[in-house]
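Close look at the chain arrangement
Spelled out, the chains give:
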Amino acid sequence: MSNPAAQIIPPEESQPPGSSDPALTPSTSRVSSPAPLRQSQAPNSLLQDALRRLKRDKLAIAGLVIIVLFVIAAVFAPLLAPYDPTAQKILLRRQPPSRLHWMGLDEVGRDIFSRLIYGARISLQIGLLSVTLAIVIGSMLGAIAGFVGGWLDDLIMRLMDILLAFPGLLLAIAVVSILGPGLMNMMYAIAFVSIPAYARIMRASVLSVKEQEFVVAARAVGVPTMRILWREILPNSFTPVLVAGTLGIATAILDAAGLSFLGLGARPPTPEWGSMLGEGRGSVFTAPHIVIFPGLAIMLNVLGFNLLGDGLRDALDPRLRM
Amino acid sequence: MTRYIIQRLLLLIPVLLGISLVTFGMLRLIPGDPARIMLGEHATAESIARFRESMGLDDPIPVQYVRYLGRLVRGDLGRSIARQEWVTVELAQRLPATIELSLGAMLIASIFGISAGVVAAYKHNSLFDLGTMVGALIGVSVPVFWLGLMLSYVFGFKLHWLPPSARLTVGIQLQTIPAAYNIHLTGGLGSVAMSILNFLSNLYVFDSIVTGNPDALIDSLKHLVLPSVALSTIPMSIIARITRSSLLEVLGMDYIRTARAKGQHERVVLMVHAMKNALLPITTVLGLQFGTLLAGAILTETIFSWPGMGRLVVERILARDYPTVQGAVLVIAVLFVLLNLVVDISYAYLDPRIRYG
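Sequence positions are assigned chain by chain, starting from 1 and proceeding in written order. As they are written, the chains are lettered A onward and the ligands numbered 1 onward, keeping that order. Owing to the predicted nature of the model, reporting of local features is limited to residues with pLDDT of at least 70; listing and counting of side-chain atom pairs is limited to 80 or more, with chain, interface and lining totals taken over all residues. Side-chain figures throughout are based on the complete set of non-hydrogen atoms in the structure, without hydrogens or water.

Scanning chain A for helices and strands turns up 13 helices and zero strands. By definition, any uninterrupted DSSP run of H or I lasting at least four residues is a helix, any uninterrupted run of E lasting at least two residues is a strand, and each is numbered from the N terminus. Scanning chain A from its N terminus toward the C terminus, one meets helices and strands in the order α-α-α-α-α-α-α-α-α-α-α-α-α. Put simply, chain A has 322 residues, and 54% of those count as buried. The long-range fraction of contacts in chain A, counting pairs at least 24 apart against all pairs at least 6 apart in sequence, stands at 70%. Each accessible area value is a Shrake-Rupley result obtained with a 1.4 Å probe; residue values ignore everything except the protein chains displayed when judging cover. Looking at chain A as shown, the accessible area adds up to about 14,600 Å², and 66% of this sits on carbon and sulfur atoms. Summary of the burial criterion: residues with accessible area below 20% of their type's maximum are buried, those above 50% are exposed, and those between are partly exposed, where the area comes from a 1.4 Å probe applied to protein chains only. Whether two residues are in contact is decided by their heavy atoms: any pair within 4.5 Å suffices.

Scanning chain B from N- to C-terminus turns up 16 helices and zero strands. Expressed along its principal axes, the backbone C-alpha trace of chain B runs to roughly 85 × 55 × 45 Å. For chain B, with 357 residues in total, the buried portion stands at 50%. Put simply, 72% of the contacts in chain B that link residues at least 6 apart link residues at least 24 apart.

Further remarks concern the interface of chain A and chain B. A common way to express how large an interface is: the accessible area buried when the components associate. Contact residues are listed per partner, giving 49 residues for chain A and 57 residues for chain B. By convention in these notes, a salt bridge is any Lys or Arg side-chain nitrogen within 4 Å of a carboxyl oxygen on Asp or Glu. Seen at the junction of chain A and chain B, the total is one salt bridge. Between B:Arg241 and A:Asp310 there is a salt bridge, with the nearest N and O atoms lying 2.7 Å from each other. We define a polar contact as two N or O atoms separated by no more than 3.5 Å, with the added condition that, inside protein, one atom must be a possible hydrogen donor and the other a possible acceptor, whereas residues neighbouring each other in sequence contribute only through side-chain atom pairs. In this assembly, chain A and chain B are joined by six residue pairs in polar contact (both at pLDDT 80 or more). Of all the elements in the fold, those that place two or more residues in the side of chain A that touches chain B are α1 (5-8), α2 (29-32), α7 (150-164), α8 (168-179), α11 (225-261) and α13 (289-316) of chain A. Looking at the side of chain A that touches chain B residue by residue, the classes come out as 35 nonpolar, 11 polar and three charged. Each residue receives one of three labels: charged for Asp, Glu, Lys and Arg, nonpolar for Ala, Val, Leu, Ile, Met, Phe, Trp, Tyr, Cys and Pro, and polar for the others, Gly being one of them.

Here the focus is the domain arrangement of chain B. Residues and elements named next belong to chain B. For every domain, the bounds stem from an assignment made automatically or drawn from a database. Domain parsing of chain B yields domain 1 (2-73), domain 2 (102-173 + 213-350) and domain 3 (174-212). Centre-to-centre separation of domain 2 and domain 3, based on C-alpha positions: 28 Å. Contact with domain 2, which involves 11 residues of that partner, is made by 10 residues of domain 3. Between domain 2 and domain 3, the buried area comes to about 780 Å², and carbon and sulfur atoms account for 65% of it. When the buried area of domain 2 at its contact with domain 3 is split by residue, Arg-167, Asn-213 and Leu-217 rank highest and sum to 58% of it. Linking domain 2 to domain 3 there are zero salt bridges. Of the residues belonging to the side of domain 2 that touches domain 3, the class tally is seven nonpolar, three polar and one charged. Put simply, buried area is how much 1.4 Å-probe accessible surface two parts lose in total, over both of them, once they are put together.

A word on the packing of aromatic side chains. For Phe, Tyr and Trp, where Trp contributes only its six-membered ring, two rings pair if their centres lie within 6.5 Å, and the inter-plane angle classes them as stacked under 30 degrees, edge-to-face over 60, or tilted in between. Going through the model one piece at a time under the given rule, you end up with nine aromatic pairs over all chains. Their ring planes at 40° and their centres at 5.6 Å tell us that B:Phe155 and B:Trp161 sit as a pair that is tilted. Among the aromatic side chains, those forming a connected cluster through ring pairs are A:Phe285, B:Tyr153 and B:Phe157. We call a charge positioned over a ring when the NZ of a Lys or the CZ of an Arg lies within 6 Å of the ring centre and within 35 degrees of the ring normal. Geometry around B:Trp86 places B:Arg79 over its ring, the cationic atom sitting 4.3 Å from the centre. The ring of B:Tyr204 has B:Arg167 sitting right over it, with the charged end atom 3.7 Å from the ring centre.

Quick look at the pattern of salt bridges now. Scanning the model with the defined rule gives 22 salt bridges over all chains in all. When the shortest N-O distance is used, the salt bridge between B:Glu90 and B:Arg316 registers 2.8 Å. Of this pair, B:Glu90 sits in helix α5 (residues 87-122) while B:Arg316 sits in helix α14 (residues 309-318), and the two are 226 residues apart along the sequence. Overlapping salt bridges bring together A:Asp106, A:Glu107, A:Arg110, A:Arg115 and A:Glu279 as one network.

Turning next to the confidence of the model for chain A. All names here are of chain A. Here pLDDT means the predictor's own confidence in every residue, given as a number from 0 to 100. Overall, the prediction assigns chain A a mean pLDDT of 82, with 84% of residues at 70 or greater. Within chain A, the lowest mean pLDDT, 35, falls on α1, and the highest, 94, falls on helix α4 (residues 58-75). Low pLDDT, under 50, characterises residues 1-41; the stretch is placed with 64 contacts to residues that sit more than four places away or in other chains.

Looking now at the environment of A:Gly109. Residues and elements named next belong to chain A. Mapped onto the elements of the fold, Gly-109 is located in the loop between α5 (77-80) and α6 (112-148). Placed 14 residues apart in sequence, Gly-109 and Gln-95 show a C-alpha to C-alpha distance of 7.7 Å. Discounting chain neighbours no more than four positions away, the residues touching Gly-109 are Ala-87, Gln-88, Lys-89 and Arg-93.

Once that is clear, we can look at a nonpolar patch on the surface. All names here are of chain A. The grouping of Ile-61, Leu-64, Val-65, Val-68, Leu-69, Val-71, Ile-72, Val-75, Phe-76, Leu-79 and Leu-80 at the surface amounts to a nonpolar patch, some 940 Å² of accessible area in total. Contributions of two or more residues to the nonpolar patch are made by α4 and α5. Of the residues forming the nonpolar patch, the biggest block, eight residues, is contributed by α4. By the secondary structure assignment, Val-71 is in helix α4. Patches were defined on residues exceeding 30% relative accessible area and lacking a salt bridge, with like-charge contacts within 9 Å and nonpolar side-chain contacts (Val, Leu, Ile, Met, Phe, Trp, Tyr) within 5 Å.

Moving on: the nonpolar core. Only buried residues count toward a nonpolar core, which is a set of Ala, Val, Leu, Ile, Met, Phe, Trp, Tyr and Cys residues joined through side-chain atoms within 4.5 Å. Judged by nonpolar contacts, the single largest core of 141 residues is most densely connected at A:Ile173 and A:Leu259. Each of two domains, domain 1 (2-73) and domain 2 (102-173 + 213-350) of chain B, supplies a minimum of three residues to this core. Dropping the residues within four chain positions of it, A:Leu259 is found in contact with A:Leu169, A:Ala172, A:Ile173, A:Val176, A:Met186, A:Ile190, A:Leu264 and A:Gly265. Among the nonpolar cores identified, the runner-up in size contains 30 residues, and B:Leu101, B:Ala259, B:Met275 and B:Leu293 belong to it.

See the structure below:
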């Protein structure tokens, strides 16, 4: 099989002189030297290949390191946070960063650093849970649509089209306005709006896998349909969903922060990053540190998932490379 | 081509019906009595009964839906509860602000996104390329509302370069187009024309140009800069990435090598030969991003006190003014779908393979 990714790479001679700075080569190596897909090796070699590509991708590793740091912060929050995230020192409110309070105190005198650490729990939970929920429902719908086909396929996919007719955040806002504001409802809303994307990806993936020889072979030897779906088709269709899911966590965290910022998600005094921004908004001109740090936390966390997601996509499926 | 457009328009009908079903369902899915929720805890049983009667909430759901559709076809979105104003009137006042903001953001995003993408592709693997790609990744990771706050703090509050919020400085007068030119139209068509003129007058930049008001023009442009920049980051990053990858792909093709071998000037190769084909995916992304801007505007407008559709939705959700929320969601979704349709059609126009594929 020829490697379509190679077509994206322009010939070396097109590179203008002076741009071959050796210091740059490692970080851009995933662009310049894609490993070819090898299909003639042992069964798990594709995965090993992908892992090797991922390990070489410095940006993806950077993303992974960022995510691991946030996970550590979330898991060990009680040990790492110097203060109680909801304890208020009213007299010291809006105090700028100092040696005792690294990121200062917020508008009611809570330690921002401690709140950010506890906030990592909420952001990661929302990101992971909403994406998992969306993937489970979306992939199921997409797999059924792709596998069964016919009117069921039409019905499911037209429903998904209708949901896709709404800009994601707007639909999430509409769902929250129906369910009522709150952390869990926000999570459901974010999961709900991402279902169509996973359904589409899964359907497309199932459609292509369904026609491959090993599925035809399984059918020919009389393997029951459900078993073919579970054992043959789904595991082989999951890669694109996994990539979309990693990038989806980034979007989910961003959307959750936006909804909480608008007052539709986490309620005070929950140390959610978006609602920290929303509550501290009024202090932006007098005590900007209240707003700066939560924003940086959101950005860094989202960046981590975007970097890893990009890297995963390049490693798992070089054809999708951007 | 005409057949393709008709086909696409027909496919629009089920989607539009679906959208109407969703916005209709919004109100009915709220747990509890929507009348009580909208009128508040202190409403009397009498006023609730009257409200249910006037909204037709006591009829069977299918009857309610058909009546809702009938009203939609006539352009009737109901009355807002918070303002006691026709929803269409409120939307007509707010939509131009969002359009102006989206156009501003799109302009910034396309100019900088495409240029950065072109240079990054041309100087593939250079420091600029790496910087653009890392910058684009940061761009899609930045929370728009946070960036907006930071921009308004730095450029509005600290440096005083640009106004930190609102659309126009208090005291700057802006006449509507009909008022400036003394236009009074009556009758069926006349009133439609008047509504269109009033709608256009709410595009402040356009209005200040048409009415010849340089002060208002400069002022409204100044107010437009920060929110547009904030809103443009995500589409700009995506456009830069797509431009780069699409151009890289084209630059690797044989006909480019031929053009170079013929001794064509590099600039001609890049801008004429390569860009022509690289533009296809860029056009799609441009159109799709324009649609998502409508959603991004929700957060940006809230930060910059920009009186557009997004801010309206947020305000009215918190005020439980469901008719307005329904109307705004419907209009945004329909605009989103129409924009995507325009993109698809222009794509088919640019690339004949799609029409006959």
